[in-house]
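Structural overview for review
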Amino acid sequence: MDNNKKQEILVESPEKNLELTNLSIGYATGRKNVTVLSSVNASLYKGELVSMLGPNGAGKSTLIKTITGILPPLFGDIKISGRSLNSISAKDLAAKISIVLTDRVEADMLTAETLVSFGRYSYVGWTGRLNQEDYKVIEEAIEITGIQKLRKNFVSRLSDGEKQKVMIARAVAQQTPIMILDEPTAFLDLPNKIMIMRLLKRLARDFSKTILISTHDLELALQTVDKAWLISADKRFFEGTLQELAVNGSIQKAFPQVEFDQNSGKFIFSV
Amino acid sequence: MSNLNYKYYFFLSAFLVVLLFMLDVLIGSVAIPWNVTMDVFTCRPVENVTWKTILIDFRLPKAITALFAGVALSVSGLQMQTLFRNPLAGPYVLGVTSGASLGVALVLLVSSYSGYALLSGITGSIGVVGAAFAGGMLVLLLILWVSTKIQNNTTILILGLMFGQFTNAIVGVLQYFSNAQDLKGFIIWSMGSFGNVVWDEVAVLVPIVTIALIIAFVLSKQLNVLLLGESYAKSMGVNVAASRLKIIVSTGLLAASVTAFCGPIAFLGLAIPHLVRSAFNTADHRILTPATALWGAMFALLCDIVAQLPGTDETLPINAVTSIIGAPVVIWIIIKNRKY
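Since the structure is predicted, the reported quantities are computational estimates derived from the model, not experimental observations. (Residues numbered from 1 in each chain as written. Chains lettered and ligands numbered in written order. Predicted model: local features only at pLDDT ≥ 70, side-chain atom pairs only at ≥ 80, totals over all residues.)

**Quick word on the pairing of strand 9 (residues 227-231) of chain A**
Strand residues, when the strand is regular, have side chains that alternate between the two faces of the sheet. Residues and elements named next belong to chain A. Going by this rule: Here the C-beta atoms are placed from the backbone, and a residue counts as buried if at least 20 other C-beta atoms lie within 10 Å of its own, exposed if 12 or fewer do, and partly exposed otherwise. Counting from the N terminus, the helices are DSSP H or I runs at least four residues long and the strands are E runs at least two residues long. Pairing between strands requires that DSSP locate at least two bridges from one strand to the other.
Among the five residues in strand 9, five count as buried, and that is most of the element. Here strand 9 shows two buried faces, one formed by Lys 227, Trp 229 and Ile 231 and the other by Ala 228 and Leu 230. Here strand 3 (residues 49-53) runs beside strand 9; their pairing, made up of four bridges, is parallel. Pairing of Ser 51 across the sheet is with Ala 228, part of strand 9. Two successive antiparallel strands, strand 9 and strand 10 (residues 237-241), enclose a turn made up of five residues, where Lys 235 displays a positive phi of approximately 60 degrees.

Right, dumping it as structure tokens:
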């Protein structure tokens, strides 16, 4: 018992919020397991904005579903704040990871404010009654994401960019150390894409959140994120800072249209 | 809308329910003076025994049935619309009512051949309710099973309509093989009525609806989060499978029990939740569920009063009235949700 406890403490690093060890992901079709990606080793630290890059069908969504507990891993281990994912109850996990998905929310007569308040679900009792603390957290989430003017609007009437901000506010209200967003900038125009990326960057830097996003917007991601997870077309997984990935040629391998200019330290897109 | 406004709305709705309930007891094909009605309900001696019987044994159970049926169908519709995330979901559209009809038709066939009159009396009640409930739940479970395979809600809705058509076809076949007497009973049942329910049956309907309604109220918090879809709900700590099962049991109990006693009642379950959402301007089930219950009671009582055709001694089938009110609401929903 004591030994186990010591081990827990040793494994647990205060900075490391997520750790994937020798992880294989995929899904079951009938009796067969289809492996999408194997030997994934990666970590996410406090205050990091990390982008998951890779071509369509590389397994980005499957990896997100596995980390958030929607799909079980085929092999290997996922640790959230030092605890194994399968030992964490649904309620505790809700206090660790919040998500923003590409699913469209089209509920009738649902105001932005009410939607954000749903983020408090796992903190309130069965009646769903919010207390002072909950209202304070909701207020902060609305302020941080800058949706004060939208709060009374119906979600179904918001633009795509506004909707995305409201969904992020809901995730903020859930008060989790880790936020995972699936394609947060898809379907948005360029100013909105930039606005969302800046918001995420600020959440990671100023509020010490660990943020993982999957994205197709390579150019934007390369300009914003600290670190990247890269899945190549031949299903290989790389993790590193952009510098590291550029220097060892992984980015160029996954995205042939990108060149890294050693002199300026910038990425160049060949058209 | 502020909390004060909600309180005002709730108070007004509850007041209207009480008012319409009293009107529903007062109005009928036999004109009974209101002072006699007052005498009957304050337990004072009444000379005309027929009037007393009409009031106590016909109008009162009918008004109670209308009230509970309205509550049950509307809350059932609200839960289905949230669970399937589809504005057009409801007990009627998803084929739950048809499934219940199938169950009742099967009981009818068995009673035709076995010689037992299953469609009358308290034993009949339990048989009919059981059959209607089983039929309704069967269709609901089928829809639920399909919904785990197919994510597209429109497809599920069309499948629900197809299940409905399919069960209707089987009902047609069963009708063909049953005798004229039982067939007439079934057809009258299928036209819908709050008036065929006697006290013994009210004593079965009211507890079932009450229990299912309590489950629905307790589920308000889960229903809220399910508005965002199952993945989000799961990420916020909802046990989605358990919640879905509870919602299905509650909505199935509500829809199937009412259908068993009153026959298929169209449109209430579909239309009332939309009216309530628009009137209360909210998607929060902690307000929607009780408000839908009140408005469901209000509209069912109103439809029952209209069906009496006050001033005449004719009555309309309740389905005709609910459809005349409900169909325009559905058209309004479709136009409102149109994407440009």
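Having seen the model, we can carry on.
**Overview of the packing of helix 12 (residues 268-280) of chain B against helix 13 (residues 285-307) of chain B**
Residue and element names in this part refer to chain B. Cut-off, in case you're wondering: Where helices are involved, their axes are fitted lines through C-alpha atoms of the stretch in contact, as for all axes, and angles between N-to-C directions lie from 0 to 180°. Should an angle fall under 35 degrees it is called roughly parallel, over 145 degrees roughly antiparallel, and 65 to 115 degrees roughly perpendicular, with every other angle called oblique. The sense of a crossing depends on the near helix, which, turned anticlockwise from the far helix by less than a right angle, makes the crossing left-handed and, turned clockwise, makes it right-handed. Residue pairs are scored as contacts if the distance between their C-beta atoms, which are placed from the backbone, is within 7 Å. Charged residues are taken to be Asp, Glu, Lys and Arg, nonpolar residues to be Ala, Val, Leu, Ile, Met, Phe, Trp, Tyr, Cys and Pro, and polar residues to be all remaining types, Gly included.
At a minimum axis separation of 9 Å, helix 12 and helix 13 run at an interaxial angle of 120 degrees. Between helix 12 and helix 13, the crossing angle belongs to the class labelled oblique. In this structure, helix 12 meets helix 13 at a crossing whose hand is right-handed. Contacts between helix 12 and helix 13 pair Leu 268, Ile 272, Pro 273, Leu 275, Val 276, Arg 277 and Phe 280 from the former with Ile 287, Leu 288, Ala 291, Thr 292, Trp 295, Gly 296, Phe 299 and Ala 300 from the latter. Residue composition of the contact of helix 12 with helix 13, by class: 12 nonpolar, two polar and one charged.

**Section: the nonpolar core**
Applied cut-off: What makes a nonpolar core is a set of buried Ala, Val, Leu, Ile, Met, Phe, Trp, Tyr and Cys residues, with links drawn between C-beta atoms within 7 Å. An automatic or database domain assignment provides the domain bounds reported here.
Counting residues in each nonpolar core, the largest one holds 176 residues, and the members touching the most others are Ala69(B), Val104(B), Val225(B) and Leu301(B). Lining this core are residues from two domains, each supplying at least three of them: domain 1 (1-96 + 177-230) and domain 2 (103-175) of chain A. Residue contacts for Leu301(B): discarding those within four places in its chain leaves Leu20(B), Phe21(B), Asp24(B), Ala63(B), Ala66(B), Leu67(B) and Gly70(B).

**With respect to helix 7 (residues 190-206) of chain A**
A turn of α-helix holds 3.6 residues, and therefore any two residues three or four places apart point the same way. Basically, it comes down to this: Here the expected length of a helix is defined as 1.5 Å per residue gap, with one fewer gap than residues.
Taking 1.5 Å per residue as the helical rise, helix 7 of chain A with its 17 residues ought to reach 24 Å, and the 24 Å between its terminal C-alpha atoms agrees with that figure. Residues of helix 7 of chain A that are buried in the fold lie against strand 3, helix 6 (160-173), strand 8 (210-214) and helix 8 (218-224) of chain A.

**Observations concerning the interface of chain A and chain B**
Contact residues are listed per partner, giving 23 residues for chain A and 23 residues for chain B. Listing elements by their share of the side of chain A that touches chain B, those giving two or more residues are helix 3 (90-94) and strand 6 (97-100) of chain A. In the side of chain A that touches chain B, the residues fall into 13 nonpolar, seven polar and three charged.

**Points about the sheet that holds strand 2 (residues 32-45) of chain A**
Residue and element names in this part refer to chain A. Read from one edge to the other, the open sheet built from four strands follows the order 2-1-4-5, with strand pairing classed as antiparallel. Taken across any chain shown, the strands that pair with only one partner, and hence form the sheet edges, are strand 2 and strand 5 (83-84). Of the strand pairs in this sheet, strand 1 (residues 16-29) and strand 2 are connected by 10 bridges, and their pairing is antiparallel. The residue bridging Tyr 27 from the neighbouring strand is Val 34, located in strand 2. Packing against the sheet, helix 2 (residues 60-67) makes contact with strand 1, strand 2 and strand 4 (75-80), and its axis sits at approximately 115 degrees to strand 1.

**Things to note about the sheet that holds strand 10 of chain A**
All names here are of chain A. Spatially, six strands are ordered 6-7-8-3-9-10 in an open sheet, and the strand pairing comes out mixed. This sheet does not close on itself; its edge strands, each paired only once, are strand 6 and strand 10. Going across the sheet, the axis of each strand differs from the next one's by a mean of 15 degrees, ignoring polarity. One ladder, built from four bridges, connects strand 6 with strand 7 (residues 178-182); its direction is parallel. Within the sheet, the bridge partner assigned to Ile 97 lies in strand 7 and is Ile 178. Taken strand by strand, helix 6 contacts strand 6 and strand 7, and its axis lies near 170 degrees from that of strand 6.

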